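Examination of the molecular architecture
Here's the letter readout for the chains.
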Amino acid sequence: MHVTLVHVVVKPEAVEAFIAATRANHEASVQEPGNLRFDVLQQPDDPTRFVLYEAYVSAEAAAAHKQTAHYARWRDTVAEMMAEPRRGVPMRGLLPSAS
């Protein structure tokens, strides 16, 4: 399992627009054949901070996600909403394990 935690900080005035754009990306991403999870998390005590939990069956499936039209649309739409560059942290998924 290939997991990336994407840390995002958006401008306060862009929170609702960011959520809307990210919802569209989430809805398309969970339809990708290699996608296991695509969760969107918002920090309760600072609503400008988000974590996207992206889990794919392989690094190749995660890379294929970056080639989709919905990812490109999201990336371009939210670029000006960011208070700082987003930061993706690759993780190795251990549990649950594939059977």
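These remarks concern the structure in this document. (Residues numbered from 1 in each chain as written. Predicted model: local features only at pLDDT ≥ 70, side-chain atom pairs only at ≥ 80, totals over all residues. Heavy atoms only, no water.)

Right, let's talk about the sheet that holds strand β2 (residues 35-42) for a bit. Spatially, four strands are ordered β2-β3-β1-β4 in an open sheet, and the strand pairing comes out antiparallel. Of all strands in the sheet, those with a lone pairing partner are β2 and β4 (87-92), marking the two edges. With direction set aside, neighbouring strand axes in the sheet form an average angle of 15 degrees. Bridge count for β2 against strand β3 (residues 49-56) is seven bridges, and the pairing is antiparallel. When the bridges of β3 are listed, arginine 37 appears paired with alanine 55. (Pairing = 2+ DSSP bridges. Helix = DSSP H or I, 4+ residues; strand = E, 2+ residues; numbered from the N terminus. Axes fitted to C-alpha atoms, helices over the stretch in contact; angles between N-to-C directions.)

Attention now moves to the packing of aromatic side chains. Tallied over the entire structure, the rule returns three aromatic pairs. Between phenylalanine 18 and phenylalanine 50, the ring centres sit 4.7 Å apart and the planes meet at 50 degrees, which makes this aromatic pair tilted. Taken together, the positions of phenylalanine 18 in helix α1 (residues 15-29) and phenylalanine 50 in strand β3 put the pair 32 residues apart, joining distant regions of the chain. The exposure class of phenylalanine 18 is buried, given its relative accessible area of 0%. Classification of phenylalanine 50 as buried rests on a relative accessible area of 3%. (Phe/Tyr/Trp six-rings, centres within 6.5 Å; stacked < 30°, edge-to-face > 60°. Buried < 20%, exposed > 50% of the residue type's maximum accessible area, 1.4 Å probe, protein only.)

Turning our attention to a nonpolar patch on the surface. There is a patch of nonpolar side chains on the surface, built from Met1, Leu36 and Val57 and spanning about 250 Å² of accessible area. You can see methionine 1 is positioned in the segment before β1 (2-9). (Patch = residues over 30% accessible without salt bridge, like charges linked within 9 Å, V, L, I, M, F, W, Y side chains within 5 Å. Areas by Shrake-Rupley, 256 points an atom, 1.4 Å probe, with all protein chains shown as cover. Salt bridge = Lys/Arg side-chain N within 4 Å of Asp/Glu carboxyl O.)

With that settled, consider the nonpolar core. Counting residues in hydrophobic clusters, the biggest one holds 14 residues, and the most contacted among them are Val8, Val10, Phe18, Phe50, Trp74, Val78 and Met82. Contributing elements (two or more residues each) for this core: β1, α1, β3 and α3 (69-78). Once residues lying within four places of it in the same chain are set aside, the contact partners of methionine 82 are Val8, Val9, Val10, Lys11, Phe18 and Trp74. (Core = buried A, V, L, I, M, F, W, Y, C linked by side-chain atoms within 4.5 Å. Contact = heavy atoms within 4.5 Å.)

To characterise two packed helices, one gives the angle between the axes of the helices and the distance between these axes. Packing of α1 against α3 leaves a shortest axis separation of 9 Å and a crossing angle of 170 degrees. In terms of their interaxial angle, α1 and α3 are classed as roughly antiparallel. Residues Phe18, Ala21, Thr22, Asn25, Ala28 and Ser29 of α1 form the contact with α3, whose participating residues are His70, Tyr71, Trp74, Thr77 and Val78. Residue composition of the contact of α1 with α3, grouped by class: six nonpolar, five polar and no charged. (Parallel < 35°, antiparallel > 145°, perpendicular 65-115°, else oblique. Nonpolar A, V, L, I, M, F, W, Y, C, P; charged D, E, K, R; others polar.)

Glancing now at the environment of threonine 48. Structurally, threonine 48 is set in the loop between β2 and β3. Spatially, the C-alpha atoms of threonine 48 and alanine 69 are 25 Å apart, while their sequence positions differ by 21 residues. With residues near it in sequence (within four places) discarded, threonine 48 still touches Val8, Val9, Val10, Pro12 and Val15. A distance of 2.6 Å separates the side chain of threonine 48 from the side chain of aspartate 46, its partner in a polar contact. (Polar contact = N/O pair within 3.5 Å; in protein donor to acceptor, adjacent residues only side chain to side chain.)

Structural measurements only, silent on function.
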